[in-house]
Each structure stands twice: as structure tokens, then as C-alpha cells.
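# Commentary on secondary and tertiary structure
One-letter residues, chain by chain:
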Amino acid sequence: MKAAWLWSMAVAVAAGAAAEEGSMQGFPFVLPKQKPDMPLSEAMERLYTDYRAPRPEDNELFTQFKYTELKGFDYHDGDGTITRRDPSKVIFAKGKYYVWYTHRNTPTPPKGPQKCSDTIPSTDWDLCDIWYATSNDGFTWEEQGVAVPRPPKPNVGWRSVCTSDILVWKGKYYLYYQGFMEASGKRGDYCPVTASWADSPDGPWTPCNKVVIPNGPEGAWDQYTIHDPYPLVYNGRIYLYYKADADGAPNLVRMQGLAIADDPLGPFEKHPLNPVINSGHETTLFPFEDGIAALVIHDGTEHYTVQFAKDGVNFSIASIVDLMPRAAGPFIPDAFVDAKGRRGITWGISHFTNATTWEHNHSILARFDCDLSLDVDDPVLKRTGTYHRPDVYYRQGLTGEQRKRIGEENQRFKAAQKR
Ligand code: AAL
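Residues numbered from 1 in each chain as written. Predicted model: local features only at pLDDT ≥ 70, side-chain atom pairs only at ≥ 80, totals over all residues. Heavy atoms only, no water.

## Looking at the sheet that holds strand 9 (residues 193–198)
Strand order in the open sheet formed by four strands is 7-8-9-10, with antiparallel pairing between adjacent strands. Single-partner strands in this sheet number two, and they are strand 7 (160–169) and strand 10 (206–207). Note that strand 7 and strand 8 (residues 172–180) share eight bridges and pair antiparallel. What sits directly across from Cys 162, in strand 8, is Gln 178. (Pairing = 2+ DSSP bridges. Helix = DSSP H or I, 4+ residues; strand = E, 2+ residues; numbered from the N terminus.)

See below:
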């Protein structure tokens, strides 16, 4: 080990000296900040063309994520009867931070689509209402109770209202959310999006009692689900991003679309290039400089990437990250300010699903911190590589089926050698 290290140092020193003398052939030892004028491999070419900077620490759209347990929420000893999940963006209003989220308080944990009833939930987000909490520091929260309850049948969302997000537009507040009219899980996770509005973040909220973002036409990628509605203000208009489950169970393909409106209650026009993001799960986007950045979370080919679109439509990968927050609702000070040069994000609220065991299935809210901001330069948050102890890896253990396959493979090798 030591010898290898000494050798690499010797090579490095020699290479550095050669680079200084300008006599070196080959790629320079000191990583140039600008693309060097020389033939490059595809990997080195894209280091300069596809990313904001060749080093992660200089890339404003690269970050690590740090997590903190929140104070102020009770989960009934984690027995699965209470859930809090899918937080909205955080906003600052009336001198404090506000967050909205899915809240379930049911006699039992979720029991699946076969065993659910009018009071027993099918999934963790079935039979839910939208609650909210406020905080002075973003760590300790005071639960304020229900913001939007399930409306009476047959209104949109009578079975469950969940996964909300907030828009502030012309002095009024708008909550967008999924409105279920059947228990989720019965036929997939089918629902459209509806909304409520209020003059104050403390309500009272008036439901519009209509579908605001309808499912796509039969055969379209978003024909069954419009999930995770996520409004921002961009170019003076309301840009609402959403996720849909395409391609059918069990091999769902989760992608994200955009619907644009000039009035918060619509009509929303779906972008002709939808889907605009080919991966991810819950929607998390924020205005960044003159464009829109997105946290593309755990599903799909481009999972765990931060992406950027100069026009809010044509996204490309800006960085690859680790331990990305799930269902993140960031605090975006300039989410609804239609200005150029927007600054990015440093914290927010996300969730952890299945917080204890499947029998007690429920989710909890947590705080995440990051440096995806032009105003913060935190070297700790710009390091690559997240250290996990061995138990984190061992907990990703093999299934019985996999062990069986491996056992059979071992037997085949033994048998082949005997021959
Ligand atoms: C979440 C979101 C939507 C889904 C379910 C509850 O993570 O994608 O809200 O419907 O799971």
C-alpha cells in the first residue's frame, strides 16, 4: 500500500513538473478549469461540456445532503396509525416557516387494497387529510392541525387528499394535491389533481371541488395518475410539474410532466414535449439562475441526479448525487418571485417511508440541508462520497430466491469441474 502510494506521488510530482515546463505529452496533472485544447476522450469531453464545472466542489448544482430529526411531531410510538409524508415546499410567511403534508390518523396501519374499508387504509396515503405545521427555525415544528380535509362524497378527493404543494400568487395561497376517489392500490394509484385556495396560509381553505390537472387521454403516459403537483412561477406564468406512473404495474416507468397556466385554477395546458423529465419519483424543482433545476429522485435511468433546464422544459444532468431526500419540499425564498438570477436552495423537509416495519407502516418527516445555492459555499457539502457503516450495506441483504440461485450456480461450477 505504502509503496503504491509513494510510487503514485513520484509519478504525480514528475507529471506536475513536466506540466509546469510545458513539455508534457498527455492530459495535464492539474485539472484545467477550462477545456484544454487537445483531443479528449468522451468522458473528459463531457466533464467540460455537460457540467457547470469539472470539479464537483465548483459545481453549484452538486451537493451532499445532511439529515436532522424534526422536533414537534408525535407518531404514536411508531405503531403505524399516524403518518406524515409528502411535504410541500416550505414557505416563509407571517414571520415563520410553513409546511403542509399528508396526515393519516387511522385505527390501523395500511392493510392493502383487499382488506381496506371506509376506515381502514389501503396504502400509507389512503384516508388522509392535508395538515400543516409552522416553525421559527425549521427544526422544531408546531403542528397546527388540518388545512384541507377530505371533502364529502362525491367531490374530488372524498377518499383521500394527499401530496400537496403550495403556490403563492397575487397575494393568495393555493394548495394543489392529489384527490382520490377510490382507495389507492385497487387499480394502481389512480387519481387526478385538485386544489384549494385561501387568503392566508392559516386558511380557511376553499376547495375548488374540480379536477385542475386532468389525467391524460386513453393510452397517454399520464392516463391514470397525476401525482406530486408542484407549482412554481416562471416567465410570469404558473409552471406546475407533476409525476405520472406510465407503462403499468409491476414495471412502472415514472416520468415528470409540465402543465402551464395563467390562472391558478386553470386551465392548465400540458406541455407538448411531456414528459420533460424521464426519471425520478416525487417532484422537487426550484428556480435556479434563469432556468429550473430538479432533484430527480430514486426511480428510472437518471435517478439520483440534479438536472437543469434553461427553459424549464429541456432538462439535462447537472450532477450525480447520493442520499437524495425523498419527496423533498425545499425552502425556496424566490419560488414565486418572477425575477432572473434566482439563488437556489439550502434546506427543506423530506420524508422517510416505512419508518419502522411493514406491519407498522408509516412515514415520518425530516429536515435535509444541502448546498445548491449561489449564496452558500460550504466545502463540507461539496465533498463526494457518503460514508456508510457496514450495517447499512448488510441491511441490503439477499433474498431467499437469490441465495437459492447462488447455491445452484455453485453446484454447477462444482459439477463442471468434476467432468
Ligand atoms: C408518493 C407520491 C404520491 C403517490 C404516493 C403518495 O411518494 O409519489 O403521493 O401517490 O407516493
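## Description of the nonpolar core
With 36 residues, the main nonpolar core has Leu 61, Tyr 241, Leu 285, Phe 286 and Phe 315 as its most contacted residues. Counting only elements with at least two residues in this core, the list comes to strand 11 (227–234), strand 12 (237–246), strand 13 (253–261), strand 15 (285–289), strand 16 (291–296), strand 17 (305–309) and strand 21 (364–373). Considering every element that reaches this core, the biggest residue donor is strand 16, with five residues. Beyond its immediate chain neighbours, meaning those up to four positions away, Tyr 241 contacts Asp 228, Pro 229, Tyr 230, Leu 232, Gly 257, Leu 258, Val 276, Thr 283, Leu 285, Ile 292, Gly 312 and Phe 315. Grouped together as the second largest cluster of nonpolar side chains are 21 residues, Cys 208, Ile 226, Tyr 242 and Met 255 included. (Core = buried A, V, L, I, M, F, W, Y, C linked by side-chain atoms within 4.5 Å. Buried < 20%, exposed > 50% of the residue type's maximum accessible area, 1.4 Å probe, protein only. Contact = heavy atoms within 4.5 Å.)

## A short note on unusual backbone geometry
The step from Lys 153 to Pro 154 runs through a cis peptide bond, and the omega angle for that step is 5°. Position of Pro 154 relative to the elements: it lies in the loop between strand 6 (141–148) and strand 7. Going from Gly 203 to Pro 204, the amide bond is cis rather than trans, its omega being 0°. Along the polypeptide, Pro 204 turns up in the loop between strand 9 and strand 10. We note that Asp 86 has phi near 45°; this positive angle belongs to a residue other than glycine. Among the secondary structure elements, Asp 86 is positioned in the loop between strand 2 (82–85) and strand 3 (91–93).

## Side note on the site of the ligand
Around the ligand, the surrounding shell consists of Arg 85, Asp 86, Trp 125, Thr 163, Gln 178, Asp 189, His 227, Asp 228, Lys 243, His 281 and Glu 282. Here Arg 85 contributes a side-chain N or O atom positioned 3.3 Å from an oxygen atom of the ligand. One of the side-chain nitrogen or oxygen atoms of Thr 163 is found 2.6 Å away from an oxygen atom of the ligand. Across the complex, the protein chains shield 96% of the 280 Å² of accessible surface that the ligand would expose by itself. Split by residue class, the shell around the ligand holds one nonpolar, four polar and six charged. (Near = heavy atom within 4 Å. Polar contact = N/O pair within 3.5 Å; in protein donor to acceptor, adjacent residues only side chain to side chain. Areas by Shrake-Rupley, 256 points an atom, 1.4 Å probe, with all protein chains shown as cover. Nonpolar A, V, L, I, M, F, W, Y, C, P; charged D, E, K, R; others polar.)

## Some points on the packing of aromatic side chains
Evaluation of the coordinates by the stated rule reveals 18 aromatic pairs. Measuring from ring centre to ring centre gives 6.1 Å for Tyr 176 and Phe 268, while their planes differ by 90°; the resulting arrangement is edge-to-face. One end of the pair, Tyr 176, is in strand 8; the other, Phe 268, is in the loop between strand 13 and strand 14 (269–270), and 92 residues separate them in sequence. In this structure, Tyr 176 and Phe 268 share a single accessibility class: buried. Considering the side-chain rings of Phe 331 and Trp 347, the 5.6 Å spacing of their centres and the 40° angle between planes classify their relative orientation as tilted. On the criterion of sequence distance, the pair formed by Phe 331 in the loop between strand 19 (329–330) and strand 20 (342–352) and Trp 347 in strand 20 is long-range, its members being 16 residues apart. On the basis of relative accessible area, Phe 331 is assigned to the buried category, the value being 14%. Three or more aromatic residues joined by ring pairs form one cluster here, namely Phe 92, Tyr 97, Phe 331 and Trp 347. One Lys or Arg, Lys 153, reaches over the ring of Trp 158 and ends 4.3 Å from the middle of that ring. The residue whose ring lies beneath Arg 367 is Phe 139, and the NZ or CZ to ring-centre distance is 3.9 Å. (Phe/Tyr/Trp six-rings, centres within 6.5 Å; stacked < 30°, edge-to-face > 60°. Lys NZ or Arg CZ within 6 Å of the ring centre and 35° of its normal.)

## With respect to the confidence of the model for the chain
In the predicted model, the chain carries a mean pLDDT of 93, and 94% of its residues have values of at least 70. Below a pLDDT of 50 lies the segment residues 1–23, which in the model reaches seven contacts outside its immediate sequence neighbourhood of four places, other chains included. (pLDDT = per-residue confidence, 0-100.)

## Considerations on the sheet that holds strand 13
Taken in spatial order, the four strands of this open sheet run 11-12-13-14, and their pairing is antiparallel. Strand pairing shows two members of the sheet lacking a second neighbour, strand 11 and strand 14, which therefore form its edges. Judged from the nine bridges that link them, strand 12 and strand 13 form a sheet pairing that is antiparallel. Looking across to strand 13, one finds that Tyr 241 is bridged to Leu 258.

## Considering the side chain of Ser 184
Secondary-structure assignment places Ser 184 in the loop between strand 8 and strand 9. For Ser 184, a relative accessible area of 1% gives the class buried. Within the local environment of Ser 184, its side chain forms a polar contact with the side chain of Thr 123, the two groups lying 2.5 Å apart.

## Brief notes about the pattern of salt bridges
By the definition in use, this model includes 25 salt bridges. Notably, a salt bridge pairs Arg 405 with Glu 409, separated by 3.9 Å at the nearest N-O pair. Placement of the pair is Arg 405 and Glu 409 together in helix 4 (residues 400–418), with a separation of four residues, close to one helical turn. It is possible to trace a salt-bridge network through shared partners that takes in Asp 228, Lys 243, Asp 245, Arg 254 and Asp 299. (Salt bridge = Lys/Arg side-chain N within 4 Å of Asp/Glu carboxyl O.)

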